[in-house]
Amino acid sequence: MEASSASAREVRLDGAAPDHGDAPCPRPETRDRPRWSALITGWLALFVIGTDLFVVSPLLPIWRSRFDVSLRTAGLTVTVFALAYVVAAPAWGRRAVKVSPPAVLVLALSGFAVCNVLTAVAPTFWTLLAARVGTGLFVSGATATVFTLVASSAPQGRRASWLGIATSGLLSALWAGAPLGGLVARHTSWRAVFVVLAAFAVLILVAARGIWPDTQAARAVAAPVRRGAVWRARAVAPTACWAAAVYGLYTYLSAGLGDRPGWSTAWVNTSLIVYGLCAVAATFLGGRIADRHGAARTTWAALLLLAVADVAFTASLSGAAVTTCLAVALLAFAAYTAFPAKQAQLVSDHPSDSAQLMAWNQSAMYLGITLGSLAGGRIADGHFRALPLACAAVAVFGVAAQVFTVRRRTPAGHAADGELISIWSCAVRCSRSSRSRR
């Protein structure tokens, strides 16, 4: 009854019919072309946001020298950003309910631009630190709202695919945005990087206002839903497990591989490149699999595959470097197949509460990253082989949390029954259908 009543209240931001599930639908017609501007704008927004996050890494040595602080102190800019993100994201979700997602996006991007300007003109390190706190606060609102609006603009039956494409904007910032920012910093000034990011944020804000106007229909999306913090925490718990399992290992992947006998810097860099490329590809393919076979099923299938990939990676450390690179590719594929599928499941199952759940989901992700990196550092220090096994255990716990969440959304819990039997056939059916289309 709850799901049906929630679906009845859903109103699409673009005026199209609501999407109530993951069932396939015909290819979008000409009338759906304006939706692509929403996807492109969302991708660009996440790329700019991701660049702001990842460009800090190559700038840390510059800040250490410029402000005469230790590298550990300079790293506080990352810590305070993440903490501000975790704390503020649920509040942005509540704001979206009271106002509307388009209005929240305008406010968040405006604050993001202002805080980037403050970062660029910071005279002291502590001023810089305060500006990064503000950036984290506004980024938490912008990221979750972009995902919400992209999901609402997606054609029927392609929600997970669009969320996967949008997610690739964040990941593309890792291998494209951050290096470009580093080049700008080296050839001009590190301050210019944040001025450019602020300028792009303003341009995206103007485009977003035209694509997602703050209309009464947009406000109707966020119909009030009486759900407590415990319920929402349980709904996004799989994301926290996913983030801890993925980034608990990835944070120390380069250092761990560099310590292996016979591993050169070239092999380490090759492994990281393979990881990044497979992660981007997985966001596209994961969304298509979720649209075809169901977002809930794809989420915990990918988490289960992630656990298997962690074990395979541990075994590959005793073999050749090529074998380890293949295991790294499997790790990335499994990890980034799960994230867009989980987002799509939250929006599809709870459309009237999607704004808050997407905010909570982002908060859970950063909480998992923080806890995973802290615990992973303790394990990796002298016991790197044990780290992927610990991450595999966290991924299995995420599978259990996801199955429990799916069972809770139906009276008798039949939604998850039989999924373990059919999970391994999903990839096979997808592969066969792809070959038949060729």
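Residues numbered from 1 in each chain as written. Predicted model: local features only at pLDDT ≥ 70, side-chain atom pairs only at ≥ 80, totals over all residues. Heavy atoms only, no water.

Enquirer: Can you explain the overall build of the protein chain? Please cite residues and give values.
Expert: Counting secondary structure elements, the protein chain contains 18 helices and 0 strands. Within the protein chain, the fraction of its 438 residues that count as buried is 55%. Nonlocal contacts in the protein chain, meaning residues at least 24 apart in sequence, comprise 83% of its contacts between residues at least 6 apart. For the protein chain, the exposed surface amounts to about 18700 Å²; the carbon and sulfur share of it is 66%. (Helix = DSSP H or I, 4+ residues; strand = E, 2+ residues; numbered from the N terminus. Buried < 20%, exposed > 50% of the residue type's maximum accessible area, 1.4 Å probe, protein only. Contact = heavy atoms within 4.5 Å. Areas by Shrake-Rupley, 256 points an atom, 1.4 Å probe, with all protein chains shown as cover.)

Enquirer: Run through the environment of Leu170, naming residues and quoting values.
Expert: When you line up the elements, Leu170 lands in helix 8 (residues 159-187). For Leu170, a relative accessible area of 17% puts it in the buried group. Those residues in contact with Leu170, other than ones at most four positions away along the chain, are Leu46, Gly50, Phe54 and Phe147.

Enquirer: With reference to specific residues and values, describe the confidence of the model for the protein chain.
Expert: Of the residues in the protein chain, 82% reach a pLDDT of 70 or more, and the chain-wide mean stands at 82. For the stretch residues 410-428, pLDDT sits under 50, and the model shows 18 contacts to residues farther than four places along the chain or on other chains. (pLDDT = per-residue confidence, 0-100.)

Enquirer: With reference to specific residues and values, describe the packing of helix 13 (residues 265-293) against helix 15 (residues 321-349).
Expert: As a packed pair, helix 13 and helix 15 sit with axes 6 Å apart at the nearest point and diverge in direction by 35°. Like other packed secondary-structure pairs, helix 13 and helix 15 cross with a definite hand, here right-handed. A per-class count over the contact of helix 13 with helix 15 returns 18 nonpolar, 6 polar and no charged. (Axes fitted to C-alpha atoms, helices over the stretch in contact; angles between N-to-C directions. Left-handed = near helix turned anticlockwise from the far one by under 90°. Nonpolar A, V, L, I, M, F, W, Y, C, P; charged D, E, K, R; others polar.)

Enquirer: Would you mind going over helix 11 (residues 229-250) in detail, with residue names and values included?
Expert: With 22 residues, helix 11 should reach 32 Å at 1.5 Å per residue; the first-to-last C-alpha distance of 30 Å fits that figure. Of all the bends found along helix 11, the most pronounced is centred on Val236 and spans about 45°, while Pro238, a proline, follows it within four residues. (Expected span 1.5 Å × (residues − 1). Bend = angle between axes of the 7 residues up to and from the residue.)

Enquirer: Go over helix 8, please, and point to the residues and values.
Expert: In a regular helix each residue adds 1.5 Å, so 29 residues correspond to 42 Å; helix 8 covers 41 Å between its end C-alpha atoms and thus fits that length. The sharpest bend along helix 8 reaches about 50° and sits at Ala173. Burial runs high along helix 8: 21 of the 29 residues are buried.

Enquirer: Talk me through the packing of helix 8 against helix 9 (residues 190-211); I want residue IDs and the actual numbers.
Expert: Running from amino to carboxyl end, helix 8 crosses helix 9 at an angle of 130°, the nearest separation of the two axes being 6 Å. Here helix 8 is positioned oblique relative to helix 9, judged by the angle of their axes. Seen along the crossing, helix 8 lies across helix 9 with a hand that is right-handed. Of the residues in helix 9, those in contact with Gly181, Val184 and Ala185 of helix 8 are Trp190, Ala192 and Val193. (Parallel < 35°, antiparallel > 145°, perpendicular 65-115°, else oblique.)

Enquirer: Talk me through the packing of aromatic side chains; I want residue IDs and the actual numbers.
Expert: With the rule as written, the count across this model stands at 18 aromatic pairs. For the ring pair Trp63 and Trp190, a centre distance of 5.7 Å and an interplane angle of 80° mean the geometry is edge-to-face. In this pair, Trp63 is assigned in helix 3 (residues 56-67) and Trp190 in helix 9, connecting sequence segments 127 residues apart. Using a relative accessible area of 0% as the deciding quantity, one classes Trp63 as buried. On the basis of relative accessible area, Trp190 is assigned to the buried category, the value being 6%. Plain terms: the ring middles of Tyr85 and Tyr366 are 3.8 Å apart, the flat faces sit at 20° to each other, and that makes the pair stacked. Placement of Tyr85 in helix 5 (residues 76-98) and of Tyr366 in helix 16 (residues 354-380) is noted, with a sequence separation of 281 residues between them. Accessibility assignment for this pair places Tyr85 and Tyr366 in one class, buried. An aromatic cluster is built from Phe147, Trp242, Tyr247, Tyr250, Tyr275, Tyr336 and Phe339, whose rings are joined through pairwise contacts. The positively charged end of Arg66 is found above the aromatic ring belonging to Phe67, 5.1 Å away from the centroid. (Phe/Tyr/Trp six-rings, centres within 6.5 Å; stacked < 30°, edge-to-face > 60°. Lys NZ or Arg CZ within 6 Å of the ring centre and 35° of its normal.)

Enquirer: Account for the pattern of salt bridges, naming residues and giving values.
Expert: Side chains bearing opposite charge may pair, as long as their charged atoms lie close to each other. In total, this model carries 2 salt bridges according to the counting rule given. The closest approach of N and O atoms between Arg132 and Asp52, which form a salt bridge, is 3.0 Å. Of this pair, Arg132 sits in helix 7 (residues 125-153) while Asp52 sits in helix 2 (residues 34-54); the two residues are 80 residues apart in sequence, bridging distant segments of the chain. An identical accessibility class is assigned to Arg132 and Asp52; each is buried. The closest approach of N and O atoms between Asp353 and Arg232, which form a salt bridge, is 3.2 Å. (Salt bridge = Lys/Arg side-chain N within 4 Å of Asp/Glu carboxyl O.)

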